[in-house]
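Secondary and tertiary structure notes
Below, each chain spelled out in residue letters.
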Amino acid sequence: MSVQKLWVHNLPEQAGQLSGGTTVVIDLLRASSTICQALASGASEVVPFREISEAMAAATADGVRRDDVVLGGERAGGKIPGFDLGNSPSEYTPDAVGGKRVLLTTTNGTQALWHGRSARRVVVGAFVNLSAVVASVKDETRVDFLCAGTDGRETREDILAAGAMVYRICSSAPKDQQLNPNAALALGKWRRLLLAAYESRRSESEQLAMELRDTQGGRNLLGIGLDQDLVNCAQIDRLNVIPELDVRAWRIRLAH
Ligand code: MLT
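What you see is a predicted model; the values in this text were computed from it and never measured.

Observations concerning the site of the ligand
- Around the ligand, the surrounding shell consists of D27, L29, R30, A31, E74, G77, N87, T106, T107, N108 and G109.
- The contact in question runs from an oxygen atom of the ligand to an N or O atom on the side chain of R30, over 2.7 Å.
- In the environment of the ligand, an oxygen atom lies 2.6 Å from a nitrogen or oxygen atom belonging to the side chain of N108.
- For the ligand, the protein covers 91% of the area, taking 260 Å² as the surface of the free molecule.
- Using a 2 Å cut-off from the grid points, one finds that the ligand occupies the largest pocket.

Rendered as structure tokens:
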């Protein structure tokens, strides 16, 4: 039986070269969840930008009809002046983004995607697409989970999502799996959350929404009144989508 390597990187900078395998980029609150929602709502693609000025320039470039693109994202959690949408998944409705190209820039998530660019395959993972992303990577010989963190600090919400993915992959098929120390720790954190859900008779999503309130990203959102985003981002398997980054074309589309 071949060995499958499941590697969790708590921050993009810890990942080093990713050239051999598949990378799952996770910025649970909220870039990953928002990208899933935008594509599920019919956006033709999401183009990630690290800088506000680059996204603005792409929206106003020659040959681009402003109506065909949506500028979205955040700085300090809030909508960027002059942008169409912020970074709440609930803003990315079919009316707002259907058939359009979303030009997205966020503080940490779009930077993490940039770090993933040396991987052979890059997909975007969140709780809202947990089963879809697990099904899509579970047979790969090496999967790197790249947690975005917040401003260079590790965040529990991303690590929980990575732990849930490792848990599901390990439970899905009898394989010889090798976990790096961060993956083993993430798996332990997710198992403790499952146990807490079981003991309190909450669903996994309810337990998660509660625990997200006590994470760095969760506190940031609560501080600016975006409590509902926590609930949305905790809804496990709400969306059946696999967003995949085409590194050459630099755009995220749905994988089929
Ligand atoms: C990020 O990229 O840092 C996040 O998506 C932040 C947020 O949504 O507020």
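That shown, we press on.
Thoughts on helix α7 (residues 181-200)
- Under the 1.5 Å per step criterion, the end-to-end length of α7 is 29 Å for 20 residues, consistent within 8% with the ideal 28 Å.
- Every buried residue belonging to α7 is among A183, A186, L187, G188, W190, L193, L194 and A197, and all of these are buried.
- On its buried face, α7 is in contact with β1 (3-9), α6 (156-172), β9 (176-179) and α8 (204-212).
- R201, located one to two residues past α7, shows a positive phi value of around 55 degrees.

What about the pattern of salt bridges?
- In total, this model carries 14 salt bridges according to the counting rule given.
- Between K138 and D139 there is a salt bridge, with its nearest N and O atoms 3.3 Å apart.
- A salt bridge links R219 to D214; the shortest N-O distance between them is 3.1 Å.
- D214 gets classed as exposed once you look at its relative accessible area, which sits at 57%.
- Taken together, the salt bridges that share partners define one network made up of E45, R101, R251 and R253.

What counts and what doesn't
- Residues numbered from 1 in each chain as written.
- Predicted model: local features only at pLDDT ≥ 70, side-chain atom pairs only at ≥ 80, totals over all residues.
- Heavy atoms only, no water.
- Near = heavy atom within 4 Å.
- Polar contact = N/O pair within 3.5 Å; in protein donor to acceptor, adjacent residues only side chain to side chain.
- Areas by Shrake-Rupley, 256 points an atom, 1.4 Å probe, with all protein chains shown as cover.
- 1 Å grid on protein atoms, 1.4 Å probe; cavity = no way out; pocket = protein on both sides within 12 Å on 5 of 7 lines; lining within 4 Å.
- Sits in = over half its atoms within 2 Å of the grid points.
- Helix = DSSP H or I, 4+ residues; strand = E, 2+ residues; numbered from the N terminus.
- Expected span 1.5 Å × (residues − 1).
- Buried < 20%, exposed > 50% of the residue type's maximum accessible area, 1.4 Å probe, protein only.
- Contact = heavy atoms within 4.5 Å.
- Salt bridge = Lys/Arg side-chain N within 4 Å of Asp/Glu carboxyl O.

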